[in-house]
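# Structural overview
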Amino acid sequence: EANKLEPSSDSTAIKLYELTHSTWMSVFSQLSVTGIVANVLANMELVSLTGNEIQFKLDVNQSAVFSPDMIVKLEAALEDYFSELVKVTIEIAEVNVETPALLGQRLRAEEKQKTIDEFIQDDIVQELVSRFSGSVVIDSIEPITKGDKQ
């Protein structure tokens, strides 16, 4: 088939024909992109897939860094993942669903709230606050990330 590139070695990879907005979230996290191209992709909603043409909507609030020259890089990243030639079209507009960037923000916010709740409910913290008539400075609580020392 003329559209095929080298076959993907990952049998668990999502196939191009399986691409939907929900699978886009997973595909995005597996793309080999960095910098501005990654930022643009993270702020896109998958609108439709017709054959090998993928139509995205780029969040208007994140469109300042986008230039049409990036489409070649976006297509290359997607072609590398899908092992198929693709054509990307992008409309700059208000997105209607959660993008990979918004998903990341939501997950970080949920993790922070979980950390705050666990800290405040901790028996030792409650004992210290009670004993010293203290209070917890909520903004000082941050989740420990993998790179942080515990």
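Structure first, text after, so check above.
Here's a quick rundown of the structure. (Residues numbered from 1 in each chain as written. Predicted model: local features only at pLDDT ≥ 70, side-chain atom pairs only at ≥ 80, totals over all residues. Heavy atoms only, no water.)

## What about the overall build of the chain?
For the chain, the count of helices and strands is five helices and three strands. For the chain, the α and β elements follow one another from N to C terminus as α-α-β-β-α-β-α-α. Of all 150 residues assigned to the chain, the portion counted as buried reaches 35%. Excluding contacts between residues fewer than 6 apart, the proportion of contacts in the chain whose partners are at least 24 apart in sequence is 67%. (Helix = DSSP H or I, 4+ residues; strand = E, 2+ residues; numbered from the N terminus. Buried < 20%, exposed > 50% of the residue type's maximum accessible area, 1.4 Å probe, protein only. Contact = heavy atoms within 4.5 Å.)

## Notes on the nonpolar core
Among the nonpolar cores identified, the biggest contains 31 residues, and Trp 24, Leu 41 and Leu 78 are the most heavily contacted of them. Within the residue set of this core, elements represented by two or more residues are helix 1 (21-30), helix 2 (35-42), strand 1 (44-50), strand 2 (53-59) and helix 3 (70-82). When residues in this core are grouped by element, the largest group, seven residues, is from helix 3. Once residues within four sequence positions are removed from consideration, Leu 78 is found in contact with Trp 24, Leu 31, Ile 54, Phe 56, Ser 83, Val 86 and Val 88. (Core = buried A, V, L, I, M, F, W, Y, C linked by side-chain atoms within 4.5 Å.)

## Quick word on unusual backbone geometry
In this model, Ser 83 sits at a positive phi of 55°, which is unusual for a non-glycine residue. For Ser 83, the position within the fold is in the loop between helix 3 and strand 3 (87-93). One non-glycine residue, Ser 133, lies in positive phi territory at about 50°. Mapped onto the elements, Ser 133 comes out in the segment after helix 5 (123-131). A relative accessible area of 68% places Ser 133 in the exposed class.

## Considerations on the sheet that holds strand 3
Pairing in this open sheet of three strands is mixed, and the strands run 1-2-3 from one edge to the other. A single partner strand is all that each edge strand has here, and the edge strands are strand 1 and strand 3. The average undirected angle you get between the axes of adjacent strands in this sheet is 20°. (Pairing = 2+ DSSP bridges. Axes fitted to C-alpha atoms, helices over the stretch in contact; angles between N-to-C directions.)

## Looking at helix 2
Within helix 2, the full set of buried residues consists of Val 37, Ala 38, Val 40, Leu 41 and Ala 42. Residues of helix 2 that are buried in the fold lie against helix 1, strand 1, strand 2, helix 3 and helix 4 (100-121).

## Observations regarding the packing of helix 2 against helix 3
The interhelical angle for the contact between helix 2 and helix 3, taken along N-to-C directions, is 75°, at an axis separation of 10 Å. As summarised for this structure, helix 2 and helix 3 are arranged roughly perpendicular, according to the angle between their axes. For the pair formed by helix 2 and helix 3, the contact residues are Ile 36, Val 37, Val 40 and Leu 41 on the first element and Met 70, Lys 73 and Leu 74 on the second. For the contact of helix 2 with helix 3, a count of residues per class yields six nonpolar, no polar and one charged. (Parallel < 35°, antiparallel > 145°, perpendicular 65-115°, else oblique. Nonpolar A, V, L, I, M, F, W, Y, C, P; charged D, E, K, R; others polar.)

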